[in-house]
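Topology and contacts: notes
Okay, here's what each chain looks like letter by letter:
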Amino acid sequence: MSHAADVPQPNNGFYVLVTGANSGLGLGIGTRLIDEFLTTRPQTEALVLIVTTRDQRKGDATIHHLEQHLRKVCQKHERTLPGIATLLQQRVHFRQERLDLLSLTSVQKLSKRLQDTTPKLDVVICNAGIGGWTGINWPVAIFSILTTWRRALTYPTFKLSGIGWTAKPQILTSEEASEPPLGEVFCANVFGHYLLGHNLAPLLARHTRSEDMRGRIIWVSSLEAYDFAFDLNDIQGLKSKVPYESSKRLTDIMAITSTLPSTADQVDQYLASSDQSEETMKPKIYVSHPGICGTSIIPLPLILEYLMLAAFYLARFLGSPWHSVTVEKGAVAMVWLALAKQSTLDAMEEKEGAGKWGSGTDFWGQERVERTEVAGWGWGGRMGEYKRKGRNPYAQDVTKESAEKFRKTGEKCWAEMERLRVEWEDRLQAAGVAFETD
Ligand SMILES: NC(=O)c1ccc[n+]([C@@H]2O[C@H](COP(=O)([O-])OP(=O)(O)OC[C@H]3O[C@@H](n4cnc5c(N)ncnc54)[C@H](OP(=O)(O)O)[C@@H]3O)[C@@H](O)[C@H]2O)c1
């Protein structure tokens, strides 16, 4: 069972959409979500896990993997509580959908389908992404790993990026020539998800004030979201030597500043939330990162993959809190953000300010959710914050000026992203290729 028409739509369903669910962190999010949902949520609730992949083969393989995982989890519980397996099995439903974030019409098509076939959405986890790297500068890699190994393995500076890469044209007509470029990494990592979040906002808003839950959009960022990587005049990173890092910095800025009064008009417009009622609540945007885990986001020959994993474990043993290494541990922050009570999240943000939620581990590999420092904003935009472990060696304490600059940058980013969204929606519409969404 996996397509919309076949999948039950339980009234007590908790609907989670995960993009790029077929590999790496996406799979880790899927399996961890099943584990935690079954053990923390009431027996009366069911999980509807909607996974997106770029083709049917990957979608089928993902559902197969998740079904196998669910069977194992149920068998484990059956050993301690005979008879429970059938009950647990019935509480999880899988569904697959197609999504190519580099095609804006694919984003619109999926949004339309979900609007037509899904009663609501509780959480959208924007996990899919690309690095846009062309290779590794081996001399720099070897030197930096040998001399500053922990920094080099946490904040690497030896990846080589494609510069000026653009997504394929969105409109395949004579208009094509006049179509402005869309940065490839920007589109896959930020803009495609940004459009998706806007289109799905009405489904995410379907929560009542009485529930301890608001629809959530969880963006997946990185420790590599460096301040220096981002240029407000090149928001798409088209001229950047580090477009991946630029896209992740933009993600941090957009998510954190989405909570500020100064961006409220843009965010309300984005979340189409002017028509609030007793039956709807404005969704919230959160930013997370998985620490560092071994996935194929940097394609490496097998032998180097093993060496990379060994180096990651070594980094953890020598004190790094960020080497989650496995994707299940890397998924702890996203899954926690997806399942936490709204009152818990609100209370934490009230106390510590809006911030970035990361996956970390201790020496023994016990995973935990860690607030993570963001350049210019600190852990929550507050002065005199308690300094936690795992800081970027170049990090500077947040100051009034840096926090103000961060806020102002956020306002400009929100204005520019909204401008781009509306411009692209109009362009697709005028070319007759748009899929109408509500
Ligand atoms: N691994 C880490 O240590 C690490 C650290 C920080 C942040 N992250 C973030 O974690 C997320 C997942 O990365 P990963 O490490 O799990 O990498 P991965 O194994 O390469 O997975 C990336 C996923 O994104 C999908 N994807 C790529 N381009 C897409 C597109 N145009 N449209 C739709 N889906 C697309 C891929 O699908 P295909 O299989 O079809 O390509 C795949 O499912 C990314 O946002 C990444 O930036 C990872």
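Just above sits the structure.
From a predicted model like this one, the values you see are computed outputs, not experimental measurements.

Structural notes on the site of the ligand
- Surrounding the ligand, one finds 27 residues, the nearest of these being N22, L25, K58, Y244 and T295.
- Note that an oxygen atom of the ligand is positioned 2.7 Å from one of the side-chain N or O atoms of N22.
- One of the backbone nitrogen or oxygen atoms of G129 is found 3.2 Å away from an oxygen atom of the ligand.
- For the shell around the ligand, the secondary-structure elements that each account for two or more residues are helix 1 (24–40) and helix 8 (243–257).
- Of the residues assigned to the shell around the ligand, the class counts are 12 nonpolar, 11 polar and 4 charged.

Description of the packing of helix 1 against helix 12 (residues 332–339)
- The N-to-C vectors of helix 1 and helix 12 enclose an angle of 45°; their axes lie 9 Å apart at closest approach. One element, helix 1, and the other, helix 12, form an angle in the oblique class. Considering the relative orientation of helix 1 and helix 12, their crossing is right-handed. Taking contact as the criterion, the partners of L25, I29, R32, L33, E36, F37 and T40 in helix 1 are, on helix 12, V332, M334, V335, A338 and L339.
- By residue class, the composition of the contact of helix 1 with helix 12 is 9 nonpolar, 1 polar and 2 charged.

A look at the pattern of salt bridges
- All chains considered together, the criterion is met by 27 salt bridges.
- Across the salt bridge formed by D252 and K356, the nearest N and O atoms sit 2.7 Å from each other. Here K356 lies in strand 9 (residues 356–361) and D252 lies in helix 8, a separation of 104 residues in the sequence. K356 matches D252 in its accessibility class, with the two residues each being buried.
- Several salt bridges converge on common partners, so that one network encompasses R32, E36, K329 and E367.

With respect to the environment of L428
- Along the polypeptide, L428 turns up in helix 14 (residues 400–430).
- Relative accessible area serves as the criterion here: at 0%, L428 is assigned to the buried category.
- A sequence separation of 167 residues divides L428 from P261, and the C-alpha atoms of the two residues are 31 Å apart.
- Apart from residues no more than four positions distant in its own chain, L428 is found in contact with L104, T105, Q108, Q170, I171, V433 and A434.

Considering the packing of helix 7 (residues 184–204) against helix 8
- Relative to each other, helix 7 and helix 8 sit at 25°, their axes nearing to 8 Å. Compared by their axis directions, helix 7 and helix 8 come out roughly parallel. Residue-level inspection shows V185, F186, N189, V190 and Y194 of helix 7 in contact with helix 8, the latter providing P243, Y244, S247, K248, L250, T251 and M254.
- When grouped by side-chain class, the residues that make up the contact of helix 7 with helix 8 number 8 nonpolar, 3 polar and 1 charged.

Some points on the side chain of K248
- Along the chain, K248 turns up in helix 8.
- For K248, which is buried and forms no salt bridge, the nearest opposite charge comes from D252, at a distance of 8.2 Å.
- K248 has contacts with N189, V220, S221, S222 and A225, leaving out every residue within four places of it along the chain.

Examining the packing of aromatic side chains
- Across all of its chains, the model carries 14 aromatic pairs by this definition.
- Centroid distance W133 to Y244: 4.7 Å. Interplanar angle 55°. Geometry classified as tilted. Highlighted residues: W133 in strand 5 (residues 133–136) and Y244 in helix 8, separated in sequence by 111 residues. Note on accessibility: W133 and Y244 belong to one class, buried.
- Put simply, the rings of F186, F191, Y194, Y270 and W414 pair up and form one aromatic cluster.
- The positively charged end of R371 is found above the aromatic ring belonging to W357, 4.7 Å away from the centroid.
- Directly above the ring of W424 sits R427, whose terminal nitrogen or CZ lies 4.4 Å from the centroid.

What to know about the side chain of T154
- Looking at the secondary structure, you find T154 in helix 6 (residues 149–154).
- Those residues in contact with T154, other than ones at most four positions away along the chain, are L223, E224, I292, S320, W322 and H323.

Quick notes on the environment of A141
- With respect to the element layout, A141 can be found in helix 5 (residues 138–147).
- Residue class for A141 comes out buried when judged on its relative accessible area of 2%.
- Between the C-alpha atoms of A141 and P42, which are 99 residues apart in sequence, the distance is 49 Å.
- When near neighbours in sequence (up to four residues on either side) are disregarded, A141 contacts I136 and F158.

Overview of helix 10 (residues 302–317)
- In this model helix 10 runs 23 Å from its N-terminal to its C-terminal C-alpha over 16 residues, within 8% of the 22 Å that 1.5 Å per residue would give.
- Within the sequence span of helix 10, burial applies to M308, A311, F312, A315 and R316. When helix 10 is viewed along its axis, its buried side chains cluster within an angular range of 140° and face the same direction. For helix 10, the exposed residues lying more than 90 degrees away from the buried face are L302, I303, Y306 and L307.
- Looking at the packing, one finds that the buried side of helix 10 touches helix 6, helix 11 (327–330) and strand 9.

What counts and what doesn't
Residues numbered from 1 in each chain as written. Predicted model: local features only at pLDDT ≥ 70, side-chain atom pairs only at ≥ 80, totals over all residues. Heavy atoms only, no water. Near = heavy atom within 4 Å. Polar contact = N/O pair within 3.5 Å; in protein donor to acceptor, adjacent residues only side chain to side chain. Helix = DSSP H or I, 4+ residues; strand = E, 2+ residues; numbered from the N terminus. Nonpolar A, V, L, I, M, F, W, Y, C, P; charged D, E, K, R; others polar. Axes fitted to C-alpha atoms, helices over the stretch in contact; angles between N-to-C directions. Parallel < 35°, antiparallel > 145°, perpendicular 65-115°, else oblique. Left-handed = near helix turned anticlockwise from the far one by under 90°. Contact = heavy atoms within 4.5 Å. Salt bridge = Lys/Arg side-chain N within 4 Å of Asp/Glu carboxyl O. Buried < 20%, exposed > 50% of the residue type's maximum accessible area, 1.4 Å probe, protein only. Lys, Arg positive; Asp, Glu negative; His and termini not counted. Phe/Tyr/Trp six-rings, centres within 6.5 Å; stacked < 30°, edge-to-face > 60°. Lys NZ or Arg CZ within 6 Å of the ring centre and 35° of its normal. Expected span 1.5 Å × (residues − 1). Arc of directions from axis to C-beta.

Read these as spatial facts, not as claims about activity.
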